[in-house]
Amino acid sequence: MYHIKLARDRRKKKRIKFVIFSGAIFSILLGVLLTFNDTSDESLPKNDHVFETEYHPLDSSHVNSTLSHSNNLNEDDMSSDNKDRIIQETDNKNTTLSYDDLDNKDDEVDQVDLGLSDNGQELPEEANKVLDELLDVADQALRIREQFSYTVVNGDSFSDVLQQSGLLKEVSDDLLKQYSELANIKPGQQFYWILDRDGNLEYLNWLVSLKEERIYERESEVKFKRLILEKETIWKKEILKGKINGSLSQSLSSLGLNSRQIAQLTKALQWQFNMRNLRKGDKFAISVNREYLDNKLTGQGNVEAIHIKTGGKNYYAVQANNGRYYNKQGETLGKTFSRYPLLRAARVSSPFNPRRRHPVTGRVRPHNGVDLSVSSGTPIIAPSDGTVEKVAYQANGAGRYVVLRHGREYQTVYMHLSRALVKAGQSVKKGQRIALSGNTGRSTGPHLHYEFRINGRPVNPLTVKLPGSSSQMGTKERKDFLVRAKEAEKSLKL
Ligand SMILES: [Zn+2]
């Protein structure tokens, strides 16, 4: 494990250096671009038009009737044949939403852009920031592809665990065939695993109990070797305090936390605030139960709670008896509906804005979603269980896009994709990869345009109260949790 880690770190450093270099070049190019930025994109005439519709195994009327009723959604197909019908239906419903406007949002200048478009002059001063952001994105992207952690909950099977990283059932089945013990996973147990660069499972660590850990390492295409670690050790509860220096991961690692613990914490916290906004010097405290062998840390441990203070606000993630983390109020942290359809939060390059005015024409052109700045090829994951309602393409609008339906009321929409990984009619599980982000259609740089609709109406994906955001714990469990949370708050004062 440590060898792997070191090799990885070295590889990562090399790649990060490369990214710094490309970042610098990129910043210079960006500066040049900004100088010539005439927002020409904004003034492009609207000419939306479905060039190609893929993956429609079900005929669309069938999809309509089985999947939705109030359905304006299928209409944002925007083919010219459909347009009259769309407008008519819209009028009939007396709604103020026009699906032409839905289109228009894709005309915006949302781009790679680092929020610099208004002050290109200050580029030299901003260059550092740009570089930082680029680095951070690259760093995250690397981690996204490689490491995953998961705490088992009731009803999980082993294939559910691996699916968190988009691995197919065949992979878990293969491993189960060799090690049937993996069929007996229990709530609260933790998994940590690594995929190689081709997305194959390379290493899996199963924390069976505080005394036992099992490691499965790929030996050949079809074989994994297993290592069982059992320990005679002492566990001590400690409070560690630190300040952010570098990324959160680096800061936690400098306190001696291992990759698994860091992965868990970042996963638990990521939906509460944007980690990218953490500043050097922000304080944090964690309560951790660590394992010692002959007075030396074994590297094993369990983080029970963390408190971070940033931007004048306090954030907590506290572990419940079930092994999962919740905020102080006992609300799940992105359990049933993730805030972002990504494995990690990303910077918002253009916010949701129903009253946005076009900077040139002055006309109201709602931005019905948020633009998340992600590099092309970033996996988009289903934020919740659902059904694929549509996969389509618009050369002059949304580009390649996907519409998911979650239950009767909710839909999520993903635009400018480079590739869809699902077909219309298919059901998807939360966390499943549905597409790769891109820069298709009318888009000025790689990003994901993400929409969240309730009964066909776009709402702000970043602020909407997510379905099922209340506690998933039973009454007794929740009561215990709130006591724990109180204690954590007390012991983690900053
Ligand atoms: Zn957008």
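Residues numbered from 1 in each chain as written. Predicted model: local features only at pLDDT ≥ 70, side-chain atom pairs only at ≥ 80, totals over all residues. Heavy atoms only, no water.

- As recorded in an unreviewed UniProt entry, the protein chain goes by the name Murein DD-endopeptidase MepM/ murein hydrolase activator NlpD, listed as coming from Bisgaardia hudsonensis.
- Quoted verbatim from the Subcellular location (unreviewed entry) field of UniProt, the annotation for the protein chain is "Cell envelope". (UniProt positions renumbered as here; feature names shortened; annotations may be inferred.)

**Regarding the coordination of the zinc ion**
Point 1. Donor atoms from the polypeptide that bind the zinc ion are H367 (NE2), D371 (OD), D371 (OD) and H449 (ND1), placed at 2.2 to 2.8 Å.
Point 2. Each of the 4 donor atoms bound to the zinc ion contributes to angles spanning 50 to 142 degrees, and the resulting shape is irregular. (Donors = N, O, S within 2.8 Å, 3.2 Å for Na, K, Ca; no water. Tetrahedral: all angles 85-135°; square planar, octahedral: opposite > 155°, others 65-115°.)

**Overview of the pairing of strand β15 (residues 386–394)**
Point 1. β15 sits mainly inside the fold: 8 of its 9 residues count as buried.
Point 2. Bridge analysis of β15 against strand β18 (residues 427–428) gives 2 bridges, and the strand direction is antiparallel. Bridge assignment links T387 to a residue of β18, and that residue is S427.
Point 3. Examined bridge by bridge, β15 and strand β16 (residues 399–406) share 7 bridges and lie antiparallel to one another. Along β16, the bridge assignment pairs Q394 with G399.
Point 4. In textbook terms, the turn of a hairpin is the stretch between consecutive antiparallel strands, and for β15 and β16 this stretch comprises 4 residues. (Buried < 20%, exposed > 50% of the residue type's maximum accessible area, 1.4 Å probe, protein only. Helix = DSSP H or I, 4+ residues; strand = E, 2+ residues; numbered from the N terminus. Pairing = 2+ DSSP bridges.)

**Thoughts on the sheet that holds strand β6 (residues 224–230)**
In any sheet, the strands associate via hydrogen bonds between backbone groups, in a parallel or an antiparallel arrangement.
Point 1. Pairing in this open sheet of 5 strands is antiparallel, and the strands run β2-β3-β4-β5-β6 from one edge to the other. Two strands bound the open sheet, and with one partner strand each, they are β2 (147–151) and β6. Here the strands of the sheet are splayed against their neighbours by 15 degrees on average, with no regard to which way each runs.
Point 2. Summarising the sheet, β2 and strand β3 (residues 190–195) pair through 5 bridges and their orientation is antiparallel. The residue of β3 that forms the bridge with F148 is W193. (Axes fitted to C-alpha atoms, helices over the stretch in contact; angles between N-to-C directions.)

**Side note on unusual backbone geometry**
Point 1. A positive phi angle, close to 65 degrees, is found at H416, a residue other than glycine.
Point 2. Take H416: it is sitting in strand β17 (residues 410–420).
Point 3. Given a relative accessible area of 1%, H416 falls into the buried group.

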